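Each chain is listed here by its residues.
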Amino acid sequence: MSLTSLDPRVTRLNLPEEAPAIEPKPELDQFETYEAFHQKKEGAAHTYVGPVHAPNEDVAFLFAKEQYSRRFPCVGLWIARTEHIQVTPYAGDGENVYEMMRVKEPTERSEEAEAYEIFHLKKRGKAHTHAGRVMATSYQEALQEARQAFGEKGPIVNVWVVKSKHVLQSAEEDKDMWTTIPEKKYREAIAYKVMDKITKYKEEHKTTAPQ
Amino acid sequence: MYGGGNVFEATKFDDLQTEDPAKLAEFEARIARGEKIEPNDWMPQLYRKQLIRMIEQHAHSEIIGALPEGTWITRAPGFRRKMAQMAKVQDEVGHAQLLYSAAETLGKTREQMLTDLINGKSKYSNVFNYPAFTWADSNIISWLIDAGAIVNQMANAKGSYGPYSRALERICAEEAFHLKYGHDAVVHMATGTPKQREMIQAALNRWWPPIMTFFGPSDKMSTHTETLMRWKVKMASNDECRQQFLDMYVPKIWELGLTVPDPNLKKNMETGQWEYTEPDWDEFKRVINGDGPCNAERLAVRRTAEERGAWVRRALLNPKAKYVKPLA
């Protein structure tokens, strides 16, 4: 017997009513993860929005665009593979992690200084925000540079460091990809106004709650 | 959209004696101060295990909950409703993605969660084991199931786990549209022709019993539940959520001249609590354990999608990829 459904398309799949348990999925069946940062408006710092699973950077960008820019304003998007991001320990709220950590000697250095992007988490539960870019020959040096450049003020709970070359950034000339067509009002709460219909119905029918 | 009704069963990790007392004290103090827990923090095994279970079930509910509404996209009356229904279903699947990632930060892979879903090892909201017979059923789901979900999610967004709170903030913002869309669709039917009114009333009658079980049975107040509440994993009791839902939505149902198929439903003005016929918890248990009208179909559809997409995923997989769990 195959499965019958109210939806004829499901019935047409001819699926068995019962099936044996599936084998565990192979590792990375769902792909590796990338972290996405969006820019809410022109001039604003890029802010962490969340991860996506994807087979490569370009697909990660597409998935992140769909996942994180579909419903809310967005004018820029950065993508970095999770394994390329170095994470400091987490401090408590109100503390500055730069003051609490001892930066280790770098194990590898590049011959020439290269660019690193620095992201700060100001409060637990909030999102990491881009603090700026520094030049360094190692992650450790980048962290020290970051501390001097923008780590002195206010609480900083956690820092992410990633080489700029590992960040896929949406380009200035592709800005038109963020233009949403205005006819998508049907997915905004504000497009649904029911009070007039309800009031009219109540006046005509004098509905009241049953006692 | 979210299936509430988490029944927090006792686990073998209940015994906090095995945890390091100094670390446990520090962890509890952090939560008491109102700070969030982030993925790399030390946490008790009970906290980790219950959160994985809860977030994973939530993710499964989003992905399975998209199915009964998804089947109505092609048959939705009119272009605008098709577009809106599609946008809503797309949101729900997006929510599953956010939630799977949040659960993943706690150490369970997405592969494992999907395997457990298809093999029936982990649960999703029981209401989605019921069929959507007509367009009106789809409207009742959009309005009242999403309304229940919002009650639950607003509470959970204040919980202590950072990645879950971040995901829920985004989810709640998107759900605002679902609720209005669902309400609008129901109002349209209820204020329409006699045939439309009859359809929406019939759908409400079918969905009321599952809706009443949506938040789960009354919690047994055990030390276990108290611990999870102190750790801000469980933010409100199932009964509190159910009362809040009734308070907000029963008047909105009544003002449309619709009736709720429970003669005992009324608000006790002295206690301020709603009284109702106790839902059929035996049926609830039977259905959640596999014997409902749509369990087999929901899992079979999910399974087919997984199997048919497997070759695409294999072909795209980068051979040098390494598994790293998401950061936050």
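What comes next concerns the included structure. (Residues numbered from 1 in each chain as written. Chains lettered and ligands numbered in written order. Predicted model: local features only at pLDDT ≥ 70, side-chain atom pairs only at ≥ 80, totals over all residues.)

## Quick look at the pairing of strand S3 (residues 76-81) of chain A
It is a general feature of regular strands that their side chains alternate between the two faces of the sheet. Residues and elements named next belong to chain A. With six of six residues buried, S3 is to be regarded as a mostly interior element. The side-chain alternation of S3 yields two buried faces, one formed by Gly76, Trp78 and Ala80 and the other by Leu77, Ile79 and Arg81. Sheet analysis places strand S1 (residues 32-39) next to S3, joined by six bridges and oriented antiparallel. Directly across from histidine 38, in S3, lies its bridge partner leucine 77. Bridging between S3 and strand S8 (residues 167-169) involves three bridges; their strand directions are antiparallel. Its bridge partner lying in S8, isoleucine 79 is registered against leucine 168. (Buried ≥ 20, exposed ≤ 12 C-beta atoms within 10 Å, placed from the backbone. Helix = DSSP H or I, 4+ residues; strand = E, 2+ residues; numbered from the N terminus. Pairing = 2+ DSSP bridges.)

## Some words on unusual backbone geometry
Its identity is not glycine, yet leucine 28 of chain A carries a phi of approximately 65 degrees, on the positive side. Mapped onto the fold, leucine 28 of chain A is located in the loop between helix H1 (8-11) and S1. Exposure remark for leucine 28 of chain A: the 20 C-beta atoms within 10 Å place this residue in the buried category. The phi dihedral of lysine 232 of chain B falls on the positive side, at around 55 degrees, and the residue is not glycine. Within the secondary structure, lysine 232 of chain B is located in the loop between helix H8 (223-230) and helix H9 (238-254).

## Focus: the packing of helix H5 (residues 135-156) of chain B against helix H7 (residues 194-213) of chain B
Residues and elements named next belong to chain B. Axis separation between H5 and H7 bottoms out at 9 Å; the angle between their running directions is 40 degrees. The angle between the axes of H5 and H7 places the two elements in the oblique class. The way H5 lies across H7 gives a crossing that is right-handed. Counted together, Ala136, Asp137, Asn139, Ile140, Leu144, Ile145 and Gly148 of H5 and Met199, Ile200, Ala202, Ala203, Leu204, Arg206, Trp207 and Ile211 of H7 form the full contact between these two elements. Residue composition of the contact of H5 with H7, by class: 11 nonpolar, two polar and two charged. (Axes fitted to C-alpha atoms, helices over the stretch in contact; angles between N-to-C directions. Parallel < 35°, antiparallel > 145°, perpendicular 65-115°, else oblique. Left-handed = near helix turned anticlockwise from the far one by under 90°. Contact = placed C-beta atoms within 7 Å. Nonpolar A, V, L, I, M, F, W, Y, C, P; charged D, E, K, R; others polar.)

## Considerations on the interface of chain B and chain A
Across the contact, 57 residues belong to chain B and 53 residues belong to chain A. Per element, the largest residue contribution to the side of chain B that touches chain A is 11 residues, and it comes from helix H6 (residues 162-190) of chain B. By residue class, the composition of the side of chain B that touches chain A is 26 nonpolar, 14 polar and 17 charged.

## Observations concerning H6 of chain B
Residues and elements named next belong to chain B. Here H6 contains 29 residues, and its C-alpha end-to-end distance of 41 Å stays within 8% of the 42 Å for a straight helix at 1.5 Å per residue. Approximately 30 degrees is the largest bend angle found in H6, and it occurs at glutamate 174. Counting buried residues in H6 gives 22 out of 29 residues, a clear majority hidden from the surface. (Expected span 1.5 Å × (residues − 1). Bend = angle between axes of the 7 residues up to and from the residue.)

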